[in-house]
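Commentary on secondary and tertiary structure
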Amino acid sequence: MRALVISGGGSKGAFAGGIAEYLISECKNEYDLFLGTSTGSLLVPLLSIGEISKLKEIYTTVTQQSIFSRNPFIIKRKDNEFEIKINHFNILLGFLKGSKTFGESKALKKLITDAVTPEFFEKMRLQEVDVVVTVSNISLGSVEYKSLKDFSREEFCDWIWASANVIPFMSLMTKNNYDYGDGGLSNIVPISEAINRGASEVDVIVLKTEHQIQKQPVKNVLDLTTRVFDFLLDQIIRNDLTLGKLRSKHEHVDLNFYHPPEMLTKNSLIFDPKQMKAWWDLGFEYAQKTNPYCRRVETKLFQ
């Protein structure tokens, strides 16, 4: 059984999309399980039915307005870099309306519902391939995995949305009297869950570079907040990778890893179409150069 696992990573999901396009379209990899967290949850449904062109269209045209119905950030481009500040007005407005989070991402929910059309969902439901997304149950402090086969279209779109909502900057979803948010708060790289579900070979796209990078000094409270948040998520990633590798050795599971060769962005909640198109192309080219599976196939063909 072969699985494709895609980690969380916000706008960096465009890079994962490029890798996945190469693995599926060029390598002709066939997966029995698609498992994603956060941005990975946004990618896996359409990947499972081969709707890569539709997925690429979304990831290379999405903007802040496509994600946030109430944006907690003010973003400006300066000298080819982005400056990000707190949008005090929007945050205060939200609190006055009783919001539990700094921002709201109802626009993302609509984007998901529009992308996962009734026709696409029916195609996903009828195939043998399983599609699973990771969510964090904030009320119970636990991780949960939601399979497409267990829900209606509307319910599964809700779970995708919950998985992609980076708390506290995006919406908190309440369902069945529980609060749910970003799956990355509990399991960013769900390798172990893929193994639990029977995978013997797993292609893992991890949206974090393997290289240590020294960042510039902290500029403001928002910068400090996002850095602390990133630091905590980095620890979760390390734990997920360590556990996944230990499980794979003990249970003889083959893991193929794909990491960005460089740091793509300082803030993965910035959605810039031009930048994300470049990352998609970079992901495709990177997979083309480094993919071990395709190299093995090519070697056999020329022997």
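All of the points below concern the structure found in this document. Per chain, residue numbering runs from 1 following the sequence as it is written. Local features in a predicted model are, by the rule used here, given only for residues with pLDDT of at least 70; side-chain atom pairs are given and counted only at 80 or more, and totals for whole chains, interfaces and linings are based on all residues. As a convention, hydrogens and water are excluded, and side-chain values are obtained from all of the structure's heavy atoms.

Examining the packing of helix 1 (residues 13-26) against helix 2 (residues 39-48)
Going by this rule: Axis definition: a line fit to C-alpha positions, over the contact stretch in the case of helices; interaxial angles, taken between N-to-C directions, run 0 to 180 degrees. Labels follow the DSSP assignment, with helices taken as runs of H or I lasting at least four residues and strands as runs of E lasting at least two, numbered in each case from the N terminus. If an angle is under 35 degrees, it is roughly parallel; if it is over 145, roughly antiparallel; if it lies from 65 to 115, roughly perpendicular; otherwise it is oblique. By definition, turning the near helix anticlockwise from the far helix through less than a right angle yields a left-handed crossing, and turning it clockwise yields a right-handed one. Any two residues having at least one pair of non-hydrogen atoms within 4.5 Å are treated as being in contact. Each residue is assigned to one of three groups, with Ala, Val, Leu, Ile, Met, Phe, Trp, Tyr, Cys and Pro labelled nonpolar, Asp, Glu, Lys and Arg labelled charged, and all others, Gly among them, labelled polar.
Packing of helix 1 against helix 2 brings their axes to within 10 Å, and their N-to-C directions diverge by 30°. Taken as axis vectors, helix 1 and helix 2 run roughly parallel relative to one another. Both helix 1 and helix 2 take part in a crossing whose hand is right-handed. On helix 2, the residues that touch Gly13, Ala16, Gly17, Ala20 and Ile24 of helix 1 are Thr39, Leu43 and Leu47. Split into classes, the residues belonging to the contact of helix 1 with helix 2 amount to five nonpolar, three polar and no charged.

Considering unusual backbone geometry
Excluding glycine, a negative phi dihedral is what most residues carry, and trans is how most peptide bonds are arranged. Heads up, the rule is: Buried residues are those whose accessible area, probed at 1.4 Å on protein chains only, stays under 20% of the maximum for their type, while exposed residues exceed 50% and partly exposed ones sit between those limits.
Of note, the amide linkage connecting Ile167 to Pro168 takes the cis form, showing an omega dihedral of 10°. Secondary-structure assignment places Pro168 in the loop between helix 8 (153-164) and strand 7 (173-175). The phi dihedral of Asn177 is positive, around 70°, even though this residue is not glycine. On the secondary structure map, Asn177 appears in the loop between strand 7 and strand 8 (178-182). Take Asn177: its relative accessible area is 76%, and that puts it in the exposed class. Positive phi is not limited to glycine here, since His252 has a value of about 55°. For His252, the position within the fold is in the loop between helix 10 (221-251) and strand 10 (254-258). Judged by relative accessible area, His252 falls into the exposed class, the value being 69%.

What to know about helix 3 (residues 52-59)
Definition in use: Directions are taken from the helix axis to each C-beta atom, and the arc is the one they span.
Those residues of helix 3 that sit buried are Ile52, Leu55, Ile58 and Tyr59. The buried residues of helix 3 occupy an angular sector of 120° when the element is viewed end-on, so they sit on one face. Packed against the buried residues of helix 3 are helix 1, helix 2, helix 6 (106-115) and helix 11 (273-290).

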